[in-house]
Amino acid sequence: MPSAQERAKQLAQEMRKAVKEAKEAEARAKRLGEEVMQALAEAKAEAESLADVVEYPPGRYECKSCRQPLLFMEPTRELTPCENCGGTEFVGHEPRVLKVTPPPPKKYPAGMYECAGCGSRVALAEGVDKLTPCDICGIAVLRAPQS
Ligand SMILES: [Zn+2]
Ligand SMILES: [Zn+2]
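Undergrad: Got a sec to walk through the nonpolar core? Specific residues and values, please.
TA: One finds Tyr56, Tyr61, Cys63, Leu70, Phe72, Leu79, Cys82 and Phe90 forming the largest nonpolar core, which totals eight residues. For this core, the secondary structure elements donating two or more residues are strand 2 (59-63) and strand 3 (69-72). When near neighbours in sequence (up to four residues on either side) are disregarded, cysteine 63 contacts Gln68, Cys82, Cys85, Glu89 and Phe90. Counting residues in each nonpolar core, the second largest holds seven residues, with Tyr113, Cys115, Val122 and Leu131 among its members.

The following block contains the structure:
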């Protein structure tokens, strides 16, 4: 049985180690948080670029470089290259820009949240309608961080 003093020494050492580890974990979480925000911004730009889909109406087209006629029977999102010269530019009809209806926004958009109970930061990769309880303390109250 170690003496109380030895125990205290050991505990003090463990505590120092735990504090050091916590600091490292905090720095890592901060870095990951920044990366998450970056990825979320990219995901948003990606979703916006998807909103511009063009569609070529069916009909007669002509290759821009060799004037080879081309018939499309169905609306198409991408004209196949010219059979004659391989050109990919055609004249004949203007493509229609299709408005892709985005899904209805979620109650809680993707982003960074924090726990109202313990202050832990939680990153949501996707928007949700219902927030899940905090992983750390289990309190089901997350909120947008005040910043
Ligand atoms: Zn051609
Ligand atoms: Zn919490």
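Back to the text.
Undergrad: Go over the coordination of the zinc ion (ligand 1), please, and point to the residues and values.
TA: Taken together, Cys63 (SG), Cys66 (SG), Cys82 (SG) and Cys85 (SG) make up the full set of protein donors to the zinc ion (ligand 1), lying 2.3 Å away. Geometry at the zinc ion (ligand 1) is tetrahedral, judged from the four donor atoms that bind it and their angles of 101 to 115 degrees at the metal. The sequence pattern describing where the donors of the zinc ion (ligand 1) fall on their chain is C-x2-C-x15-C-x2-C. Of the two residues, cysteine 63 is situated in strand 2 and cysteine 85 in the loop between strand 3 and strand 4 (90-91); the sequence distance between them amounts to 22 residues.

Undergrad: Before we move on, can you summarise the confidence of the model for the protein chain with the specific residues and values?
TA: Note: predicted coordinates in regions of low pLDDT should not be interpreted at a detailed level. Overall, the prediction assigns the protein chain a mean pLDDT of 87, with 97% of residues at 70 or greater. The spread of mean pLDDT over the elements of the protein chain runs between strand 5 (residues 96-99), the lowest at 79, and strand 2, the highest at 93.

So, how was this worked out
- Residues numbered from 1 in each chain as written.
- Chains lettered and ligands numbered in written order.
- Predicted model: local features only at pLDDT ≥ 70, side-chain atom pairs only at ≥ 80, totals over all residues.
- Heavy atoms only, no water.
- Core = buried A, V, L, I, M, F, W, Y, C linked by side-chain atoms within 4.5 Å.
- Buried < 20%, exposed > 50% of the residue type's maximum accessible area, 1.4 Å probe, protein only.
- Helix = DSSP H or I, 4+ residues; strand = E, 2+ residues; numbered from the N terminus.
- Contact = heavy atoms within 4.5 Å.
- Donors = N, O, S within 2.8 Å, 3.2 Å for Na, K, Ca; no water.
- Tetrahedral: all angles 85-135°; square planar, octahedral: opposite > 155°, others 65-115°.
- pLDDT = per-residue confidence, 0-100.

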